[in-house]
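# Structural characterization, general
Okay, here's what each chain looks like letter by letter:
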Amino acid sequence: MSKLDSMAWQPRLSALMPGFIVSTVVAAAACFLSEHYGAPVMLFALLLGMGVNFLATEGKCKAGIEFTAREVLRFGIALLGMRITLEQMTALGWQPIVLVISLVVITIFASVIAAKVLGFNKFFGMLTGGATAICGASAALALSAALPSHPQKEKATLFTVIGVSALSTLAMIVYPMIARWLELTPQHAGIFLGATIHDVAQVVGAGYSMSTETGDTATVVKLMRVAMLLPVIICAAMITRMQGVPSTGKRPPLLPWFAVGFLILACINSTGWVPTVVQTGMNELSRWCLIISISALGMKTQLKELATVGIKPILLMIGESVFLVLLVLGLMHWLF
């Protein structure tokens, strides 16, 4: 980098750092509370961010918070690719792969229809359906980044993250009880838990609370769902392009850069050449990027706006979760 380039970056960096730093501090506080009280870290990050939302309205932090909520989020999504390998997805056979593809497609399609019936924008149905079907808060953030801009987009995203985090915590407690009641084998219990619980952390917690075999199987099935994030992001990006943009703007790329990064890292990780310490480090970096960015999103949200969502969005997300459980049990009965 030349001296002129370095000088040009300095004002930009100075403008962004206050907002990024305050988002990081909020994220660190959220991690501390999550570790000590056992609640989802994403939920704490959102709530703490909302508590200091005055920082995003004016002053030195505004530009950095905007940047963190947008670009740091996308970087964290790209790093999610380091969690996936082809070997993990093929180890359990073809049935779980068919199950995961089917549940993602059917759940998102049903969610879009349900959203339209309830009077919501179809993109809200895709957002909540994708979060339910794929990987909870991470999927909601990734889809939000790829879907068309909308005046209510950030509000819908934050509501989805709150809803899916709360439902995922409840599922971590209730779904192992359902697996025991149905007398599922350890492997089938793992497939059920990995295919129905929204967030990775809750899948791990629920699976290993039953047995090591159940936990291992649940984690692999969950990672298969995470892998579905890429094709769904591509579909969302194609929809965004078809929506068009104002004449003063340019069309978004067919494949967002964070989706390309996700694919490249997944391919690299599948080679088996990535040392465990590097893989672990990048996964942890991805986790921190997502927590920091959702802290920034929380700062951009007014509590009174979320209070006006009404009962219908809540019923939609609960209905999607119940639908997913019934769908997975039906597919398991058919496939296994």
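Residues numbered from 1 in each chain as written. Predicted model: local features only at pLDDT ≥ 70, side-chain atom pairs only at ≥ 80, totals over all residues. Heavy atoms only, no water.

Here we take up the overall build of the protein chain. Within the protein chain, the regular secondary structure consists of 16 helices and zero strands. Classification of the 336 residues of the protein chain by burial places 48% in the buried group. Long-range pairs, those at least 24 residues apart, make up 79% of the contacts in the protein chain between residues at least 6 apart in sequence. Carbon and sulfur atoms form 70% of the exposed surface of the protein chain, whose accessible area is close to 15,900 Å². (Helix = DSSP H or I, 4+ residues; strand = E, 2+ residues; numbered from the N terminus. Buried < 20%, exposed > 50% of the residue type's maximum accessible area, 1.4 Å probe, protein only. Contact = heavy atoms within 4.5 Å. Areas by Shrake-Rupley, 256 points an atom, 1.4 Å probe, with all protein chains shown as cover.)

This next bit is on the side chain of Ser168. When you line up the elements, Ser168 lands in helix α8 (residues 153–181). Residue Ser168 is classed as buried on the basis of its relative accessible area of 0%.

Right, let's talk about the nonpolar core for a bit. Residues Leu99, Leu103, Val104 and Leu229 are the most contacted members of the largest nonpolar core, which totals 95 residues. Excluding residues that lie within four positions of it along the chain, Leu229 makes contacts with Ile77, Leu80, Ile134, Cys135, Ala139, Ala142 and Phe262. (Core = buried A, V, L, I, M, F, W, Y, C linked by side-chain atoms within 4.5 Å.)

With that settled, consider the packing of aromatic side chains. The final tally for this structure, using the stated rule, is three aromatic pairs. With centroids separated by 5.2 Å and ring planes inclined at 65°, the aromatic side chains of Phe120 and Phe124 adopt a geometry described as edge-to-face. Note on Phe120: relative accessible area 23%, which makes it partly exposed. Ring geometry for Tyr175 against Phe192: centres 5.9 Å apart, planes inclined by 45°, an arrangement best described as tilted. Of this pair, Tyr175 sits in helix α8 while Phe192 sits in helix α9 (residues 186–196), and the two are 17 residues apart along the sequence. (Phe/Tyr/Trp six-rings, centres within 6.5 Å; stacked < 30°, edge-to-face > 60°.)

Secondary-structure assignment places Thr128 in helix α6 (residues 122–135). Polar contacts involving the side chain of Thr128 include one to the side chain of Glu320, which spans 2.7 Å. For Thr128, the residues in contact, after removing those within four places along its chain, are Thr160, Leu316, Met317 and Glu320. (Polar contact = N/O pair within 3.5 Å; in protein donor to acceptor, adjacent residues only side chain to side chain.)

Attention now moves to the pattern of salt bridges. Enumeration according to the criterion identifies two salt bridges in this entry. Ionic pairing is found between Arg74 and Glu71, a salt bridge with its closest N-O pair at 3.9 Å. Taken together, the residues span about one helical turn, with Arg74 and Glu71 both in helix α3 (residues 62–79) at a distance of three residues. According to the relative accessible area criterion, Glu71 is partly exposed, its value standing at 23%. (Salt bridge = Lys/Arg side-chain N within 4 Å of Asp/Glu carboxyl O.)

Before going further, it helps to examine helix α13 (residues 257–270). Taking 1.5 Å per residue as the helical rise, α13 with its 14 residues ought to reach 20 Å, and the 20 Å between its terminal C-alpha atoms agrees with that figure. Restricting attention to buried positions, one finds in α13 the residues Phe258, Ala259, Gly261, Phe262, Leu265, Ala266 and Asn269. One side of α13 holds all its buried residues, which, seen down the axis, span an arc of 160°. Directly after α13, the chain includes Gly272, whose backbone phi takes a positive value near 80°. (Expected span 1.5 Å × (residues − 1). Arc of directions from axis to C-beta.)

On to α3, then. Taking 1.5 Å as the rise per residue, α3 with 18 residues should run 26 Å; its terminal C-alpha atoms sit 26 Å apart, in good agreement. Approximately 35° is the largest bend angle found in α3, and it occurs at Thr68. Among the residues making up α3, those that are buried are Gly64, Ile65, Thr68, Ala69, Val72, Leu73, Gly76, Ile77, Ala78 and Leu79. (Bend = angle between axes of the 7 residues up to and from the residue.)

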